[in-house]
Amino acid sequence: MDASRFDVQRLDHLGLVAGFCNAAGLEEEVDKKLPKLSHKSNISNGKLLIAMILNGLGFVSLTLHMYPEYFSEKPTERLLGPGILPSHINDDVMGRLLDALYEEGVSSLYQGLAKRVVKHLGLECQSLNLDTTSFHLDGEYEQDIDAESIKITRGYSRDHRPDLNQVVLSLITENQAGIPLYMQACSGNANDTETFKKTVKSHLKSLKDAYNNTYLIADAALYTEENVQALSEQKQLFITRVPQKLNEAKKVIGLAEETTWTALTNGYSGAWFDSAYGNVQQRWLLIKSTQANTREKHILDRSIRKKTEAAVKDFNKLCRQKFDCEADATAALARWQEKQPFSRVADALIKRMDKRAKRGRPGASDNVTSTFQITGAIMTALDLRNEAQKTKGLFILGTNDLSEALDMQFLLDEYKSQQAVERGFRFLKSPDFLTSSLFLKKPERIEALLMIMTCSLMIYAGIEHLIRRRLAETNAFFPDMKKKPTQRPTAKWVFFCFQGVSVVLIDNKTQIVTNILDRQKVILNCHGKAYWEFYS
């Protein structure tokens, strides 16, 4: 048999991704905003966007100039349409697409795509979650200081790489499937408080008009007087964590020991308090978590040990110092003590040390020089440790929802849905997905690439939600990693189970899809003909 007659192309899970993109109408949305065909190419901007999503969800980290190589073994005509060849998807056309996305406005264009996905899934967006993360970048960047694009610079790094330049990505997601509804690329030195303030003022009303959401949920960076007042003026209900550094919050936490608690699920307890922070009437829910209490006490003890070890070294250094008078030594000891949160000096003494100018038998007229040194022993103040332990496992949730029907458990569950956007950030930074270190040199293209990454997250979350819903609707089950039937598999596991599905091309005419197993048929049967077309 002549092996040259056969060509094998890897389809894997990409048919699921392409099928979802087609069903949601992503190509039509992009082509409506960017109708011009790519320069000297047979592929539209809408198809190019889907190609980038296919690469992003292909779980292969490849830089931009590697696109032709990535698609060289993929059935591009089956995935993207007749006549679409790997050579059409190269770094030139992708670069021009990124430029076009930036010129159009990545945030507004993304909102249109997200709206189509939400409509396709039939989601009711009761609550929206707001959060930010950072992506570090390698290399040098030449930037126009007058340009309107994001600034690539150093800032607070969530990747623990303060030595590198970075950009910040702000997302608002709905809390059922974790679909990002809004994305905004920000400069690397942007802080959450300012970013949230701009989002509340500029974009929240349009999102509420589009999705009719009830709550906005965010972490403590949202909770400022200005934001609380702005949200109240927009009649937007919020659920957010209250910063414990606020004096009013400290007073509430100080009442924890004398509070009557209401038991909630999973080791949580709660108690209501009234607040008028920012001149806006609110209800604060003080939460006590037994699990967090145990965990945070362990972290506290570890921190105390480290600080005590450092205090011993620092105190020994202080004891070696010589002071001209007792008052100077006493003041130095007081200043040192003020800096120690959990250490105290036991048996502290200021010793006078006399030294004569010459050796030998002391005489009555000899000159004597006196210096003063500190002595004592370091101990850990258990009363300070016990006092610090009282606040562990406690936090406050604030809301301007004053309805009597508001339930403690509901409020806590809604806040914990904030994990949806955090899961999205973990996905974007996963080694399996692109890379958390961006590689493009133009800030404008990096901003556009962040949109592509967010689109990939949107499609991933949408596919996972759809798979779980269709399995439940059809009473079908998919084997999990332990081969036990489940109706809630992760999209990543389903994608992995589609590995090895290939298209065999015979004499450049006949196509045969191989390696379709029963478990893959379960997923395809749930999704119907539109998805089977990629695998038949």
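Remember, it's a predicted structure, so these values are computed and weren't measured experimentally.

### Details of the overall build of the protein
Phase 1 of the analysis: Each helix and strand in the protein was counted, giving 20 helices and 17 strands.
Phase 2 of the analysis: Expressed as a percentage of its 536 residues, the buried residues of the protein come to 51%.
Phase 3 of the analysis: Put simply, 69% of the contacts in the protein that link residues at least 6 apart link residues at least 24 apart.

### So, the pairing of strand β6 (residues 237–241)
Phase 1 of the analysis: Bridging between strand β5 (residues 215–218) and β6 involves four bridges; their strand directions are parallel. Counterpart to Tyr215 in the pairing with β6 is Leu237.
Phase 2 of the analysis: For the handedness criterion, the β-α-β arrangement of β5, helix α10 (residues 225–233) and β6 is classed as right-handed.

### Digging into the layout of surface pockets
Picture a little ball the size of a water molecule; that probe, rolled over the atoms, points out where space is still empty.
Phase 1 of the analysis: The calculated volume of the largest pocket comes to roughly 620 Å³.
Phase 2 of the analysis: Lining the largest pocket are 27 residues, with Ala177, Ala420, Arg423, Tyr460 and Glu464 positioned closest to its centre.
Phase 3 of the analysis: If you list the elements that add at least two residues to the lining of the largest pocket, you get α16 (419–428) and α17 (443–473).
Phase 4 of the analysis: At seven residues, α16 tops the list of elements feeding residues into the lining of the largest pocket.
Phase 5 of the analysis: Looking at the lining of the largest pocket residue by residue, the class counts come to nine nonpolar, ten polar and eight charged.

### Considering the side chain of Gln9
Phase 1 of the analysis: Its location among the elements puts Gln9 in strand β1 (residues 6–10).
Phase 2 of the analysis: Judged by relative accessible area, which is 17%, Gln9 ranks as buried.
Phase 3 of the analysis: In this structure Gln9 touches Glu73, Lys74, Pro75, Ser502 and Val503, once residues within four positions along its chain are discounted.

### Focus on the sheet that holds strand β17 (residues 510–514)
Working definition: the strands of a sheet are paired by backbone hydrogen bonds and lie parallel or antiparallel to each other.
Phase 1 of the analysis: Sheet architecture is open: three strands sit in the order β1-β16-β17, paired in antiparallel fashion. Each edge of the sheet is formed by a strand with only one pairing partner; in this case those strands are β1 and β17. Shown here is a sheet whose adjacent strand axes are inclined to one another by a mean of 25°, direction ignored.
Phase 2 of the analysis: Looking at chain direction, β1 and strand β16 (residues 502–506) are connected through five bridges and run antiparallel. By the bridge assignment, Asp7 is partnered in β16 with Leu505.

### What to know about the packing of aromatic side chains
Phase 1 of the analysis: For the structure on display, the rule yields eight aromatic pairs.
Phase 2 of the analysis: A centroid spacing of 6.0 Å and a plane angle of 85° characterise the contact between Tyr460 and Phe495, whose relative ring orientation is edge-to-face. Remark: Phe495 occurs in helix α18 (residues 491–497) and Tyr460 occurs in helix α17; sequence separation between them is 35 residues.
Phase 3 of the analysis: Its guanidinium or amino end placed over the ring of Trp272, Arg283 lies 4.0 Å from that ring's centre, counting from NZ or CZ.

### A closer look at the environment of Leu101
Phase 1 of the analysis: Mapped onto the fold, Leu101 is located in helix α6 (residues 91–104).
Phase 2 of the analysis: A sequence separation of 343 residues divides Leu101 from Glu444, and the C-alpha atoms of the two residues are 9.2 Å apart.

### Some points on helix α7 (residues 106–121)
Phase 1 of the analysis: For α7, spanning 16 residues, the distance from its first C-alpha to its last is 23 Å, which sits close to the expected 22 Å at 1.5 Å a residue.
Phase 2 of the analysis: Turning to α7, its buried residues are Val106, Ser107, Leu109, Tyr110, Gly112, Leu113, Ala114, Val117, Val118 and Leu121.
Phase 3 of the analysis: A positive backbone phi angle near 65° is found at Gly122, which sits one or two residues after α7.

What counts as what
Residues take numbers from 1 onward in each chain, read along the sequence in its written order. Whole-chain, interface and lining totals are the exception, using all residues; otherwise, since this is a predicted model, local features are given only for residues with pLDDT of at least 70 and side-chain atom pairs are given and counted only at 80 or more. Excluded from the side-chain calculations are hydrogens and water; all other atoms, namely the structure's heavy atoms, are used. In this description a helix means any DSSP run of H or I spanning at least four residues, a strand means any run of E spanning at least two, and both kinds are numbered starting from the N terminus. Three labels apply to residues, based on accessible area from a 1.4 Å probe with only protein chains included: buried if under 20% of the type maximum, exposed if over 50%, partly exposed otherwise in between. Whether two residues are in contact is decided by their heavy atoms: any pair within 4.5 Å suffices. In this description, strands pair whenever DSSP reports at least two bridges between them. Seen with its strands pointing away from the viewer, a crossover is right-handed if its path from the first strand over the helix to the second goes clockwise. Detection works on a 1 Å grid of protein atoms alone, calling trapped sets that fit a 1.4 Å probe cavities and calling open sets with protein on both sides within 12 Å along at least five of seven lines pockets, with lining residues defined by an atom within 4 Å of a point. Grid points are joined across faces, edges and corners, and a volume is the space filled by probe spheres set on the points. Residue polarity follows a fixed list, in which Ala, Val, Leu, Ile, Met, Phe, Trp, Tyr, Cys and Pro are nonpolar, Asp, Glu, Lys and Arg are charged, and the others, Gly among them, are polar. Interaxial angles span 0 to 180 degrees and are taken between N-to-C directions of axes, which are lines fitted to C-alpha atoms, for helices over the stretch in contact. Only Phe, Tyr and Trp rings take part, Trp by its six-membered ring, and two of them pair if their centres are within 6.5 Å. Stacked means planes under 30 degrees apart, edge-to-face means over 60, and tilted covers everything else. Two conditions define a charge located above a ring, namely a distance within 6 Å from the ring centre to NZ of Lys or CZ of Arg, and an angle within 35 degrees of the ring normal. By this rule the span expected of a helix is its residue count minus one, scaled by 1.5 Å.

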